[in-house]
Amino acid sequence: MTRAIEQAFELAKQRFAEIGIDVNAAMAQLDELPVSMHCWQGDDVKGFENPQGALTGGIQATGNYPGKATTANELRADLDQAMALIPGPKRLNLHAIYLDAESPVDRIDIKPAHFSQWVEWAKKNKLGLDFNPTCFSHPLSEDGFTLAHPNPEIRQFWIEHCKASRKISASFGEQLGTPSIMNIWVPDGMKDQTIDRFGPRERLMNSLDEIISEKLDPAHHYDAVESKLFGIGAESYTVGSNEFCLGYASSRQTALTLDAGHFHPTEQVSDKISTAMLYVPRLLLHVSRPVRWDSDHVVALDDETQAIANEIVRQKLFDKVHIGLDFFDASINRIAAWVIGTRNAKKALLRALLEPVDTLKTLELEGDYTTRMALYEEQKSLPWQAVWEAYCLRHDVPAGAGWLGDVRHYEQHVLSKR
C-alpha cells in the first residue's frame with residue numbers, strides 16, 4: 001500500500017508541475033495551517049459544569065450513540081485518539097463549561113486554574129488552545145437573553161463571565177506560546193414579533209465594550225465576535241446579527257467570526273471573507289455544514305467547504321484567518337465525526353494549495369476568461385488525492401479509510417465500557 005501511494009505521488013508531482021505547482025511546497029504550507037478542533041463534539045455540548053442539564057440557546061445535539069465522554073479525562077483520551085488519525089497541525093477549542101473542578105464553580109468564578117490540566121495536556125501534545133465563554137445552558141439564560149438582557153444585574157453576570165473567560169484565554173496564550181482566540185457568541189433573540197430591535201443591540205454593544213475594555217497582549221489573546229441568523233427560540237429576531245457583528249468588529253478592530261451555519265441557506269460564507277477582510281484585522285472561521293437550518297452537521301468535502309479554503313489560499317490570508325470547526329453529531333461515533341470533519345477541512349486546504357492561483361489571476365486580469373475557465377476546470381481532475389495520501393503517510397496516519405479500523409478498535413475496548 002505504501003509503495004503504491006509513493007508511486008502515485010511521484011506521478012502526481014509531475015502532473016501538477018505541468019501547471020506550475022510544487023506539491024512539496026503546498027504540503028509544507030499545509031503544515032503551517034492548524035485547524036482548531038472543537039471539544040464539544042465529544043460529549044454533545046454538555047460540558048462538565050452540569051452535564052445533566054438541558055441544552056438551551058437554540059442548540060441541539062440529536063442522537064444517542066453510545067460512549068460519549070462524561071469526564072475531562074475521557075474527553076482528552078477521545079481527542080488523543082481522534083488527533084492520532086488526522087495529519088498535520090491542530091489546535092483545540094474549549095468552551096468554559098469544560099473546566100476541571102472538584103466542586104461546582106459558577107461561571108463568573110472560573111479561573112485559569114480550572115483549566116490547568118487542559119494546558120498540561122496541550123503542552124504534551126504541542127497544541128494551541130482557543131476559548132469561548134458559555135452564554136447558554138444556565139439558569140440566567142433561560143429567557144433567551146444574556147449580554148443584551150434588559151435586567152442590568154443579569155446582564156452584568158454575563159459581562160463578568162466573559163471577562164473571566166478573557167483572562168483564561170490570555171493565560172492559554174501566555175503558557176503555550178501561541179495566541180488564544182476567544183470567541184463571544186450569544187443566543188440573544190426572540191421567538192416572535194419584536195417591537196424594540198434597537199434597545200437589545202445597544203445593550204449588547206455596551207456589554208461587549210465593557211468586556212473588552214481591559215487591553216490584553218495580542219501575543220497571548222485575540223477577541224472575536226460571532227453572528228447568527230436565527231435559532232430555536234430566536235426564529236424572528238437575533239440581536240447579534242451579521243450586520244451587528246461586522247459593524248462591531250470593524251469599529252472596535254476585533255476579529256470577526258463567520259460560521260458557515262449561521263446564515264440563510266442561500267448565502268455563502270466564502271463570499272463574505274473578502275469583504276470582511278477589508279474592514280477587520282482578522283477572521284475566525286467556524287467551518288460547519290448546515291442542512292436547511294443551523295444544524296451543524298459534520299463537515300463534508302462539499303462545494304462550500306472547498307470555496308472557503310480557496311478564499312483563504314487565493315488571498316494568502318494565512319496569518320489573518322484562524323480556522324476552527326463547529327459541529328456536533330450524536331447519531332454517529334463521535335470520534336469518527338471529528339476525524340471525518342477535520343480531515344475534510346484539511347483536504348479542502350490542500351486542494352486549494354494545489355490550485356494554479358497566480359496563473360488564473362493573470363488570465364483574469366488579461367480578460368482571457370476562456371483560458372481561465374478551461375484551466376480551472378481541467379485542474380479539478382488532477383490527482384490531488386495522491387498528494388493527500390502522501391501527506392498522511394508523512395504524518396504517520398492512515399492514508400485512506402483505514403483509520404476507521406482504529407476507531408472501531410477504540411470503540412470496542414474503551415467507548416463500549418462507559
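Since this is a predicted model, take the numbers as computed values, not measurements. (Residues numbered from 1 in each chain as written. Predicted model: local features only at pLDDT ≥ 70, side-chain atom pairs only at ≥ 80, totals over all residues. Heavy atoms only, no water.)

Student: I'd like a rundown of the nonpolar core, residues and numbers included.
Tutor: In this structure, Leu94, Trp118 and Leu147 are the most contacted members of the largest nonpolar core, which totals 120 residues. Per-element accounting of this core gives the leading share, 11 residues, to helix α10 (residues 334-353). Apart from residues lying up to four places away in sequence, Leu147 is in contact with Arg155, Trp158, Ile159, Cys162, Ile184, Val186, Asp188, Arg203, Leu204, Ser207, Leu208 and Ile211. Ranked by size, the runner-up nonpolar core spans 5 residues in total, among them Ile181, Tyr222, Ala224 and Ala255. (Core = buried A, V, L, I, M, F, W, Y, C linked by side-chain atoms within 4.5 Å. Buried < 20%, exposed > 50% of the residue type's maximum accessible area, 1.4 Å probe, protein only. Helix = DSSP H or I, 4+ residues; strand = E, 2+ residues; numbered from the N terminus. Contact = heavy atoms within 4.5 Å.)

Student: Describe empty space enclosed by the protein, naming the residues involved and giving the relevant values.
Tutor: Taken as a whole, this structure holds 4 cavities of 30 Å³ or more when the rule is applied. Taken together, the residues of the lining of the largest cavity break down into 9 nonpolar, 2 polar and 2 charged. Empty space within the second largest cavity amounts to approximately 70 Å³. Forming the walls of the second largest cavity are Val287, Thr305, Ile308, Ala309, Ile312, Ile323, Ala345, Ala348 and Leu349. Ranked by residue count, the leading element in the lining of the second largest cavity is helix α9 (residues 303-314), at 4 residues. When its residues are assigned to classes, the lining of the second largest cavity shows 8 nonpolar, 1 polar and no charged. (1 Å grid on protein atoms, 1.4 Å probe; cavity = no way out; pocket = protein on both sides within 12 Å on 5 of 7 lines; lining within 4 Å. Points joined across faces, edges and corners; volume = space filled by probe spheres on them. Nonpolar A, V, L, I, M, F, W, Y, C, P; charged D, E, K, R; others polar.)

Student: Summarise the UniProt feature "binding site: Mn(2+)" (unreviewed entry) in the chain; cite the residues concerned and give the values.
Tutor: Here the UniProt feature "binding site: Mn(2+)" (unreviewed entry) sits at His262, Asp294 and Asp296. These residues run over 35 residues, yet every pair of their C-alpha atoms falls within 9.2 Å of each other. Along the chain, Asp294 turns up in the loop between β9 (283-287) and α9. Judged by its relative accessible area of 7%, Asp294 is buried. Of note, Asp296 is situated in the loop between β9 and α9. Classification of Asp296 as buried rests on a relative accessible area of 6%. Once residues within four sequence positions are removed from consideration, Asp296 is found in contact with Asp259, Ser288, Arg289, Asp326, Phe327 and Phe328. A distance of 2.8 Å separates the side chain of Asp296 from the side chain of Ser288, its partner in a polar contact. (UniProt positions renumbered as here; feature names shortened; annotations may be inferred. Polar contact = N/O pair within 3.5 Å; in protein donor to acceptor, adjacent residues only side chain to side chain.)

Student: Explain the packing of aromatic side chains residue by residue, including any values.
Tutor: Under the defined criterion, the tally for this structure stands at 9 aromatic pairs. Relative to Trp185, the ring of Phe136 has its centre 6.0 Å away and its plane inclined at 65°; by these criteria the two rings are edge-to-face. Of this pair, Phe136 sits in the loop between β3 (128-132) and α5 (152-176) while Trp185 sits in the loop between β4 (180-184) and β5 (189-190); the two residues are 49 residues apart in sequence, bridging distant segments of the chain. For the residue pair Phe136 and Trp185, the accessibility class agrees, reading buried in each case. Measuring from centroid to centroid gives 6.2 Å for Phe244 and Tyr248, while their planes differ by 15°, and the two rings are stacked. Of the two residues, Phe244 and Tyr248 both sit in helix α7 (residues 242-252), 4 residues apart, roughly one turn of that helix. In this structure Tyr248 comes out as buried when scored by relative accessible area, which is 3%. Through successive ring pairs, a cluster of aromatic residues spans Phe115, Phe131 and Phe172. We note Arg76 situated over the ring of Trp118; from NZ or CZ to the ring centre the distance is 4.7 Å. A cation sits over an aromatic face here: Arg282 above Tyr222, 3.9 Å from the ring centre. (Phe/Tyr/Trp six-rings, centres within 6.5 Å; stacked < 30°, edge-to-face > 60°. Lys NZ or Arg CZ within 6 Å of the ring centre and 35° of its normal.)

Student: Outline helix α14 (residues 403-413), listing residues and values.
Tutor: Within α14, burial applies to Trp403, Val407, Tyr410 and Glu411. Seen from one end, α14 has its buried residues packed into an arc of 100°, which puts them on one side. Buried residues along α14 sit against α3 (72-83) and α10. (Arc of directions from axis to C-beta.)

Student: Summarise helix α6 (residues 198-211); cite the residues concerned and give the values.
Tutor: Counted at 1.5 Å a residue, the expected span for α6 with its 14 residues is 20 Å, and the 20 Å between its end C-alpha atoms agrees. Those residues of α6 not exposed but buried are Gly199, Pro200, Leu204, Ser207, Leu208 and Ile211. The arc that holds every buried residue of α6, seen down its axis, measures 165°, which confines them to one face. Residues of α6 that are buried in the fold lie against α5, β4, β6 (221-226), β7 (237-238) and α7. (Expected span 1.5 Å × (residues − 1).)

Student: Just give me the short version of the side chain of Asn183, but keep the residues and values in it.
Tutor: Inspection of the secondary structure assignment puts Asn183 in strand β4. Under the relative-accessibility criterion, Asn183 is labelled buried at 2%. Side chain to side chain, Asn183 and Glu226 meet in a polar contact 2.6 Å long. A polar contact is formed between the side chain of Asn183 and the side chain of Thr257, at a distance of 2.7 Å. Residues within four places of Asn183 in sequence aside, it is in contact with Phe131, Asn132, Pro133, Ala224, Val225, Glu226, Thr257, Leu284 and His286.

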